[in-house]
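What follows is the residue order along each chain.
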Amino acid sequence: MSIDQRRFPRVEFFLVPDEHEQLPVWVIKPEGLAEARGGVVVNLSEAGLQILAAADPPLDAQHYELRLLLGEDEGVPLFTADVRRVWTRPLSRIVQLGGFEFESPNSQAEEFLLAQTAQITARKWVRCVLVERMTALA
């Protein structure tokens, strides 16, 4: 059965280290993004953001399109941003952390994340997918 004919959405699952526990995380990928890397945005700064993802396969591309997953409803806007991977490091055998910077300021995704973090009093992760971008050869 081809990817286009799947009856159910693809789900990426991994465990996130949290002090002395490991918290389960599921990322439900929209139709057409089954090959994208699922993750959660765990940190946002002026310089960029950090994303947790499953350790395998490693995040080794340099350029990605970040797409925030805010709900399963087709009516929910899909906020995006072009990001560049600056570094990655393993947190455990099954989880890696990646540091990314926004390639252009004030993207839809960055604006949404800034608005959300200003209102958050307890930890709340935003699920996302990273779609590898091919850069044009100079």
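First things first, this report covers the structure right here in the doc. (Residues numbered from 1 in each chain as written. Predicted model: local features only at pLDDT ≥ 70, side-chain atom pairs only at ≥ 80, totals over all residues. Heavy atoms only, no water.)

**Here we look at the nonpolar core**
Ranked by internal contacts, the top residues of the largest apolar core, which has 20 residues, are Leu49, Leu66, Leu68 and Val83. Elements represented by at least two residues in this core include exactly β4 (49–54), β5 (63–69), β6 (80–90), β7 (95–102), α1 (108–119) and β8 (126–132). For Leu49, the residues in contact, after removing those within four places along its chain, are Val41, Asn43, Leu44, Leu66, Val83, Gly98, Gly99, Phe100, Phe102 and Leu113. In this structure, Leu23, Val25, Val95 and Trp125 belong to the second largest nonpolar core, which totals 13 residues. (Core = buried A, V, L, I, M, F, W, Y, C linked by side-chain atoms within 4.5 Å. Buried < 20%, exposed > 50% of the residue type's maximum accessible area, 1.4 Å probe, protein only. Helix = DSSP H or I, 4+ residues; strand = E, 2+ residues; numbered from the N terminus. Contact = heavy atoms within 4.5 Å.)

**Observations regarding the packing of aromatic side chains**
Under the counting rule described, the total for this entry stands at two aromatic pairs. Between Tyr64 and Phe100, the ring centres sit 5.9 Å apart and the planes meet at 80°, which makes this aromatic pair edge-to-face. Of this pair, Tyr64 sits in strand β5 while Phe100 is found in strand β7, placing the two residues 36 residues apart along the sequence. Each member of the pair Tyr64 and Phe100 is classed as buried. Note on Phe79 and Phe112: the rings are 4.9 Å apart at their centroids and 20° apart in plane angle, and the pair reads as stacked. On the criterion of sequence distance, the pair formed by Phe79 in the loop between β5 and β6 and Phe112 in helix α1 is long-range, its members being 33 residues apart. For the pair shown, Phe79 and Phe112 are each scored as buried. (Phe/Tyr/Trp six-rings, centres within 6.5 Å; stacked < 30°, edge-to-face > 60°.)

**What to know about the environment of Ile28**
Among the structural elements, Ile28 can be located in strand β2 (residues 21–29). Exposure remark for Ile28: the relative accessible area of 36% places this residue in the partly exposed category. Between the alpha carbons of Ile28 and Arg127 there is a distance of 8.6 Å; along the sequence they are 99 residues apart.

**Looking at the pattern of salt bridges**
Where charged atoms from two side chains of opposite charge come close, those side chains can pair. Per the stated rule, a full pass over the model turns up four salt bridges. Put simply, Arg67 and Glu65 hold a salt bridge, and the shortest N to O gap is 2.6 Å. Given a relative accessible area of 19%, Glu65 falls into the buried group. The residue Asp82 makes a salt bridge to Arg133 at a minimum N-O spacing of 3.6 Å. In this pair, Asp82 is assigned in strand β6 and Arg133 in the segment after β8, connecting sequence segments 51 residues apart. The class for Asp82 is partly exposed, based on a relative accessible area of 32%. Ionic contacts of the salt-bridge type, sharing partners, join the residues Asp82, Glu103 and Arg133 into one network. (Salt bridge = Lys/Arg side-chain N within 4 Å of Asp/Glu carboxyl O.)

**Observations regarding the side chain of Arg37**
Counting through the fold element by element, Arg37 comes out in strand β3 (residues 37–44). Side-chain polar atoms of Arg37 contact the backbone oxygen of Pro57, separated by 2.4 Å. (Polar contact = N/O pair within 3.5 Å; in protein donor to acceptor, adjacent residues only side chain to side chain.)

**Side note on the sheet that holds β6**
Read around the closed barrel, six strands run β3-β4-β7-β6-β5-β8, paired in antiparallel fashion. Strand-to-strand twist of the sheet, defined as the mean angle between neighbouring strand axes without regard to direction, takes the value 45°. Of the strand pairs in this sheet, β5 and β8 are connected by six bridges, and their pairing is antiparallel. Each bridged residue has a counterpart across the sheet, and for Leu66 the counterpart in β8 is Leu130. (Pairing = 2+ DSSP bridges. Axes fitted to C-alpha atoms, helices over the stretch in contact; angles between N-to-C directions.)

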